[in-house]
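# What the coordinates show
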Amino acid sequence: MNSSSTSPARTSLGFLLVGILGVLIGALVVAWASGKIFRESSPLPAIQPASAAIGARSSPELEQRIIAAVKAAEPSVVLIKSTLRGQQINPFYQMFGPGFGPQQQPFTLHASGSGFIIKRTGDTALVATNAHVIYNADSVQVLLSNGQQVKAERVGSDIRTDLALLKITGANLPQALPLGNSDALQQGQFVLAIGEPESFQNSVSFGIVSALHRHDITAGGGQVGPPPIRYADLLQTTTPINPGNSGGPLLTLSGQVVGITAVVDPQAQAIGFAIPMDVAQPILAELETHHSISHPYIGVYMESLDPQIDNYLHYRGTGVVVANVIQGSPADKAGLQQGDVIVELNHHKVSTPDDVSKAIAADKIGDRVSLLVWRDGNLQPFDVTLATEPETLPQG
């Protein structure tokens, strides 16, 4: 029998499927609507690292501190121009004899560096700088940041510590820079260097104190310039020290001078050195009062032994070889010769030039030191009376 009616079971199943489908569609609509409303009304901020947030807050403050320190200090930083005149041997005369010019020819050398006003009284100011900036100079000129150029008078200099003091006079001179406590510096502390290289005046660089109390750094030495300078105590900094910056101030962000820039490592990047202000201050004060500083010396240039020197001298042992003896020096008067090997000083063995230099520096002018010297296979004693080291030494 053919029937047109629907069973109750199938009708109930159809209503159930339609209900489930309606619930799913409603959920999707609600989810879409709520997501759209959330996106339009409450945008989610991007997550930033904590360091970025800190940097964003501190950078403007740090920048303003640097700008303020530079503005306050820059007028008191000066350019120093020195002129050296002398005679040099004519190489053509040496090779070919008379007829190829005079035996000696005059020469003029110009050098420049930086300095800063450390003391001012009325129309007179004292300028601190490095001794190598004005070494053997016949005349020194100081150029102020306002363009004023004045002649400088040498108050005193000490090439051993590489410090010098100049005096200038004039109207409306800048104020002296405040001095800080270099002993309170910490590794990683921000510092500024301001210099006046002639080609790039008013140069400012920024960095950190990368190390404290660097010892036995040696720089200099040449045919015309100062003799090698061994610095006993230096600050190491990443602050770029440009050519001509020597003698300029190393400053804290509060504008206090904590060092005098002195030397840069030419074979490395971001390695510069400055004389700590706590080391420089008493020396500059003595230069102001006495115009010089007396150091004892024996008058020899020394080198460490190495296999090549040992073989040349036929020597086997420890000691320091005498590379040259300064004419008229205490060592010369005592009879020391080139090629001697200093084995002991005051009955203590020595193995490096620094051993000898430090022992001599600990003695006084007029003291007698006892040397045990190896020469031609024999050990010989020598007594040397220490004298005052002259500021200008012949090159070894």
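Residues numbered from 1 in each chain as written. Predicted model: local features only at pLDDT ≥ 70, side-chain atom pairs only at ≥ 80, totals over all residues. Heavy atoms only, no water.

Another aspect to go through is the overall build of the protein. Counting its regular elements, the protein contains seven helices and 23 strands. Counting the 396 residues in the protein, one finds 38% classified as buried. Excluding contacts between residues fewer than 6 apart, the proportion of contacts in the protein whose partners are at least 24 apart in sequence is 63%. A total of about 22,300 Å² of accessible surface is found on the protein, and carbon and sulfur atoms cover 55% of it. (Helix = DSSP H or I, 4+ residues; strand = E, 2+ residues; numbered from the N terminus. Buried < 20%, exposed > 50% of the residue type's maximum accessible area, 1.4 Å probe, protein only. Contact = heavy atoms within 4.5 Å. Areas by Shrake-Rupley, 256 points an atom, 1.4 Å probe, with all protein chains shown as cover.)

In the structure shown here, the tally under the stated rule is two aromatic pairs. On the basis of an interplanar angle of 40° and a centroid distance of 5.1 Å, the ring pair of F190 and F206 is categorised as tilted. Taken together, the residues F190 in strand β8 (residues 190-195) and F206 in strand β9 (residues 203-214) connect sequence positions 16 residues apart. Among the residues examined, F190 registers a relative accessible area of 34% and is labelled partly exposed. Residue classification places F206 among the partly exposed residues on the basis of a relative accessible area of 35%. Plain terms: the ring middles of Y315 and W374 are 4.8 Å apart, the flat faces sit at 55° to each other, and that makes the pair tilted. Placement of the pair is Y315 in the loop between α5 (307-313) and β18 (320-325) and W374 in strand β21 (residues 368-375), with a sequence separation of 59 residues. For the pair shown, Y315 and W374 are each scored as buried. (Phe/Tyr/Trp six-rings, centres within 6.5 Å; stacked < 30°, edge-to-face > 60°.)

Once that is clear, we can look at the layout of surface pockets. Counted as a void, the largest pocket has a volume near 1,200 Å³. Forming the walls of the largest pocket are 41 residues, and the residues nearest its centre are R160, P228, I229, R230 and S357. Taken together, the elements giving at least two residues each to the lining of the largest pocket come down to β11 (229-231), α4 (277-290), β16 (296-297), β17 (300-304) and α7 (353-361). Residue classes in the lining of the largest pocket are distributed as 26 nonpolar, eight polar and seven charged. (1 Å grid on protein atoms, 1.4 Å probe; cavity = no way out; pocket = protein on both sides within 12 Å on 5 of 7 lines; lining within 4 Å. Points joined across faces, edges and corners; volume = space filled by probe spheres on them. Nonpolar A, V, L, I, M, F, W, Y, C, P; charged D, E, K, R; others polar.)

Position of S157 relative to the elements: it lies in strand β6 (residues 153-158). Polar contacts involving the side chain of S157 include one to the side chain of R154, which spans 3.3 Å. (Polar contact = N/O pair within 3.5 Å; in protein donor to acceptor, adjacent residues only side chain to side chain.)

This part covers the pairing of β8. Moving residue by residue along a regular strand, the side chains alternate between the two faces of the sheet. Taking burial as the measure, the six residues of β8 include five buried ones, the bulk of the element. Of the strand pairs in this sheet, β8 and β9 are connected by six bridges, and their pairing is antiparallel. Across the sheet, L192 pairs through a bridge with F206, a residue of β9. (Pairing = 2+ DSSP bridges.)

Moving on, we get to α4. Between its first and last C-alpha atoms α4 spans 19 Å; for 14 residues at 1.5 Å apiece the expected length is 20 Å, and the two agree. Those residues of α4 hidden inside the fold are in contact with β2 (104-121), β3 (124-129), β6, β7 (163-169), β14 (257-264) and β15 (272-276). Phi turns positive one or two residues past the end of α4, at H291, with a value near 70°. (Expected span 1.5 Å × (residues − 1).)

Moving on, we get to the pattern of salt bridges. Scanning the model with the defined rule gives six salt bridges in all. Of the charged contacts in the structure, one is a salt bridge between D354 and R230, with a shortest N-O distance of 3.3 Å. Here D354, found in helix α7, pairs with R230, found in strand β11; they are 124 residues apart in sequence, far enough to count as distant. With a relative accessible area of 23%, D354 lands in the partly exposed category. Taking relative accessible area as the criterion, R230 reaches 26% and is therefore assigned partly exposed. (Salt bridge = Lys/Arg side-chain N within 4 Å of Asp/Glu carboxyl O.)

Take unusual backbone geometry next. Glycine aside, a negative phi is what most residues show, and trans is what most peptide bonds show. In the Ramachandran plot, H291 falls in the positive-phi region, its phi being about 70° despite a non-glycine side chain. Within the secondary structure, H291 is located in the loop between α4 and β16. Despite not being glycine, H314 has its phi angle at roughly 60°, a positive value. Inspection of the secondary structure puts H314 in the loop between α5 and β18.

Spatially, six strands are ordered β8-β9-β12-β15-β14-β13 in a closed barrel, and the strand pairing comes out antiparallel. Pairs of neighbouring strands in the sheet enclose a mean axial angle of 45°, with direction left out of account. Looking at chain direction, β8 and strand β13 (residues 249-251) are connected through two bridges and run antiparallel. What sits directly across from L192, in β13, is L251. Against the sheet, α4 touches β14 and β15, its axis set at about 50° to β15. (Axes fitted to C-alpha atoms, helices over the stretch in contact; angles between N-to-C directions.)

Before going further, it helps to examine the environment of A193. Inspection of the secondary structure assignment puts A193 in strand β8. Residues A193 and I260 lie 67 residues apart in sequence; the distance between their C-alpha atoms is 9.0 Å. Not counting residues within four places of it along the chain, the set of residues in contact with A193 comprises S203, V204, S205, T239, P240, P249, L250 and T261.

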